[in-house]
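# A look at the structure
Given next are the chains, with one letter for each unit.
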Protein chains: 2
Amino acid sequence: MFSKACEYGIRASIFIAEQSLIDRKVSLKDVAEAIDSPAAYTSKILQKLSRNNIINSDKGPTGGFSMGKKELEKVKLGSIVFAIDGESIYNGCGLGLKKCNEKMPCPVHNQFKMIRDQLKKMLETTTVLSLAVDYEKGFSFLKR
Amino acid sequence: MFSKACEYGIRASIFIAEQSLIDRKVSLKDVAEAIDSPAAYTSKILQKLSRNNIINSDKGPTGGFSMGKKELEKVKLGSIVFAIDGESIYNGCGLGLKKCNEKMPCPVHNQFKMIRDQLKKMLETTTVLSLAVDYEKGFSFLKR
DNA sequence: CAAATAGTGGACAATTTTATCCAATATAAA
DNA sequence: TTTATATTGGATAAAATTGTCCACTATTTG
Ligand code: FES
Ligand code: FES
């Protein structure tokens, strides 16, 4: 469904969001341990999220990754997926034709469109904040 | 969503099904041209489909790939996806945890489960035959 | 200013996926 | 039985994704 990079990106964002809720900046190492991901690779992904204004990062001692109140409220899952995996989720064809195209649809276009539209809607309405709150309550897990 | 191999596999199956409807066996070359895929790679995929009894293949002159009436009626999209991409569509976690697990769900489990269940249902109810019939009528395309 | 800390960026390596090539096998037809 | 044809299987290669290493920059603190 999503690339590994995107999965790490989502998990990292949820962890950073949750820590930001209790006013904590987290280091790369913190993130990698919390979501059980390779640190150096995770670093690249966090850079991308940072450049896309999904999280912010501060250098130096007392530095680390965090999310401000505004970001916490406006960042949806879709923003992360788009930042990392691009628009393929939105306009890609289920059978790999150049682009999804109503006028010259692939044989599974109708079936796929329905599902993809729902996925899209889900991504665009689910906030990282809401997921972070559940995670904080211990209802969900970022590693196993 | 699916691997490239799986996309080729589905497109190939639809083409083979459609040609079988008018009692034609097709060669590897025919398939590769019809779906615009690399022939040698497509060959591997067709082998896998053949071993999974989704299509049949005959060697030698007058050989080629085809689907019998029984296969045409019983093969669903899901059979193809399972044969090529395995069970990850069914039990994989949306955020990349080892397995999807109700007891220790990832933060997006509920949202993903809903979408994945619908995808699953779609894959399990859509027959290759129905897609082949639409394709035959010119309602859909296998390449662009 | 010096030292310690933490993210950044670039090069590189490993792995997985996708793609190619060719000899071997099976089969039908002449 | 010879020949032509078409799939099969194994070895490789190319490309994309995932993962690692290390020197550099920015920043805080003493
Ligand atoms: S054309 Fe294939 S999904 Fe729309
Ligand atoms: S645990 Fe992640 S999708 Fe079910």
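Look up: the structure comes first, before these words.
Below or above, wherever it landed, is the structure these notes cover.

Conventions used here
- Residues numbered from 1 in each chain as written.
- Chains lettered and ligands numbered in written order.
- Predicted model: local features only at pLDDT ≥ 70, side-chain atom pairs only at ≥ 80, totals over all residues.
- Heavy atoms only, no water.
- Helix = DSSP H or I, 4+ residues; strand = E, 2+ residues; numbered from the N terminus.
- Contact = heavy atoms within 4.5 Å.
- Areas by Shrake-Rupley, 256 points an atom, 1.4 Å probe, with all protein chains shown as cover.
- Axes fitted to C-alpha atoms, helices over the stretch in contact; angles between N-to-C directions.
- Left-handed = near helix turned anticlockwise from the far one by under 90°.
- Nonpolar A, V, L, I, M, F, W, Y, C, P; charged D, E, K, R; others polar.
- Buried area = accessible area lost by both parts, 1.4 Å probe.
- Salt bridge = Lys/Arg side-chain N within 4 Å of Asp/Glu carboxyl O.
- Polar contact = N/O pair within 3.5 Å; in protein donor to acceptor, adjacent residues only side chain to side chain.
- Least-squares fit on C-alpha atoms with pLDDT ≥ 70 in both.
- Near = heavy atom within 4 Å.

Another aspect to go through is the overall build of chain A. A tally of regular secondary structure across chain A gives 8 helices and 2 strands. For chain A, the α and β elements follow one another from N to C terminus as α-α-α-β-β-α-α-α-α-α. The contacts of chain A with a sequence gap of at least 6 include a subset with a gap of at least 24, amounting to 65%. Summed over its atoms, the accessible surface of chain A is roughly 7,200 Å², and 52% of this surface lies on carbon and sulfur atoms.

Attention now moves to the packing of helix H3 (residues 39–51) of chain B against helix H5 (residues 77–85) of chain B. Residues and elements named next belong to chain B. Where H3 meets H5, the axes come as close as 10 Å, and the angle between the chain directions of the two elements is 115 degrees. Viewed along their axes, H3 and H5 form a crossing whose handedness is right-handed. Contacts between H3 and H5 pair Ile45, Lys48 and Leu49 from the former with Ile80, Ala83 and Ile84 from the latter. Looking at the contact of H3 with H5 residue by residue, the classes come out as 5 nonpolar, no polar and 1 charged.

Counting residues at the interface gives 37 residues for chain A and 37 residues for chain B. Surface buried jointly by chain A and chain B totals about 3,400 Å² across both partners, of which 69% is contributed by carbon and sulfur atoms. Linking chain A to chain B there are 0 salt bridges. Counting the contacts that link chain A with chain B gives 9 residue pairs in polar contact (both at pLDDT 80 or more). Contributions of two or more residues to the side of chain A that touches chain B are made by helix H1 (4–21) and helix H7 (109–125) of chain A. Considering each element in turn, the side of chain A that touches chain B owes the most residues, 6 residues, to H7(A). The class makeup of the residues in the side of chain A that touches chain B is 22 nonpolar, 7 polar and 8 charged.

After a rotation of 180 degrees and a shift along the axis of 0.0 Å, chain A superposes on chain B with an RMSD of 0.0 Å. The two molecules are tied by a two-fold rotation axis, judged by turn and shift. When C-alpha positions in chain A are compared against the rotation axis, the closest is assigned to A:Met1, at 2.2 Å. An overlap of 100% is found between the interface residues of chain A and their copies at the interface of chain B, pointing to a shared contact surface.

This part is about the pattern of salt bridges. All names here are of chain B. A complete count under the given rule lists 10 salt bridges over all chains for this structure. In this structure, lysine 113 engages aspartate 117 in a salt bridge whose closest nitrogen and oxygen atoms are separated by 3.3 Å. Here the residue lysine 113 and the residue aspartate 117 both occupy positions in helix H7 (residues 109–125), the gap between them amounting to 4 residues, near one helical turn.

In this section: the protein's contact with DNA strand D. By nearness alone, 26 residues border DNA strand D, and A:Pro38, A:Pro61, B:Leu28, B:Lys44 and B:Ser57 come closest of all. Here a phosphate oxygen of DNA strand D and a side-chain polar atom of B:Gln47 are 3.1 Å apart. Between DNA strand D and B:Pro61, the relevant distance is 3.5 Å, taken from a base oxygen to a main-chain nitrogen or oxygen of the residue. Broken down by secondary-structure element, the contributors of at least two residues to the surface near DNA strand D are H1 and helix H3 (39–51) of chain A together with H3, strand E1 (56–58) and strand E2 (64–66) of chain B. In terms of residues, the surface near DNA strand D owes the most to one element, H3(B), which gives 4 residues. Tallied by class, the residues present in the surface near DNA strand D amount to 10 nonpolar, 9 polar and 7 charged.

A few words on the protein's contact with DNA strand C. By nearness alone, 26 residues border DNA strand C, and A:Lys44, A:Ser57, B:Lys4, B:Pro38 and B:Pro61 come closest of all. Each atom of DNA strand C within 4 Å of the protein was classed as base or backbone; sugar and phosphate made up 64%. Here a phosphate oxygen of DNA strand C sits 3.1 Å away from a polar atom, N or O, in the side chain of A:Gln47. A:Gly60 is positioned such that a nitrogen or oxygen atom in its backbone is 3.0 Å from a sugar or linking oxygen of DNA strand C. Across the surface near DNA strand C, the residue classes tally to 10 nonpolar, 9 polar and 7 charged.

Any functional reading would require information beyond the geometric quantities listed.
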